[in-house]
Amino acid sequence: MVDEKMVLRLYCRTTVNIMNAGHDIIPSTVVADICGCSLYRARKIIKKLVDMGLLESAGEGGWDEEQPYIMRGYRLTRQGRKSKQYAKAQWDEAKICSKCFGQQLANIRHTVGT
């Protein structure tokens, strides 16, 4: 069953993911698709998280290669970044980065240090 914890985890993991390059806005339609729930359910959960102060409405726009884009959705607030879910997502991302880049970064530091 989709609940607030699952949706908050999605926002936290998206925010800390190094592949997102600062693009941390997720529309409610995407939340519904990823979580496998109705759009109504996703919006209801997002509203609860907004009311709790963990998410805020957000938007961004720009150019993606040669096409303009506009993104409207929600992102974590400062309070959301202080949550246990966010700390766990940061830890999980750090483990992945260390597994993927750890030895390479250690070699680079060793080469630069000599």
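Here is a short report on the structure shown in this document. Computed from a predicted model, the values in this text were never measured in an experiment.

## With respect to the side chain of Q85
- Its place among the elements puts Q85 in helix α5 (residues 84-113).
- Setting aside chain neighbours within four positions, we find Q85 in contact with K5, L8, R9 and C12.

## A few points about the environment of G59
- Position of G59 among the secondary structure elements: in strand β1 (residues 55-64).
- A relative accessible area of 46% means that G59 is categorised as partly exposed.
- For G59 and R75, which are 16 residues apart along the polypeptide, the C-alpha to C-alpha distance reads 9.0 Å.
- When neighbours within four sequence positions are excluded, G59 is seen to be in contact with I25, M71, R72 and R75.

## Quick notes on the pairing of strand β2 (residues 67-76)
- By the bridge criterion, 10 bridges tie β1 to β2 in an arrangement that is antiparallel. Looking at β2, one finds that A58 is bridged to G73.
- Adjacent in sequence and paired antiparallel, β1 and β2 are bridged by 2 residues, among which E65 carries a positive phi angle near 60°.

Procedures and definitions
Along every chain, residues carry numbers that run from 1 in the direction the sequence is written. A pLDDT threshold of at least 70 governs which residues receive local features in this predicted model, and a stricter bar of 80 or more applies before side-chain atom pairs are shown or counted, although totals over entire chains, interfaces and linings include all residues. Side-chain metrics rest on all non-hydrogen atoms present in the structure, leaving aside hydrogens and water. Secondary structure elements follow DSSP: runs of H or I of four or more residues count as helices, runs of E of two or more count as strands, with numbering from the N terminus. Contacts are assigned to residue pairs with any non-hydrogen atoms lying within 4.5 Å of each other. Think of it in three bands: with a 1.4 Å probe and only protein chains considered, a residue is buried below 20% of the maximum accessible area for its type, exposed above 50%, and partly exposed in between. Only strands joined by at least two bridges in the DSSP assignment are considered to pair.

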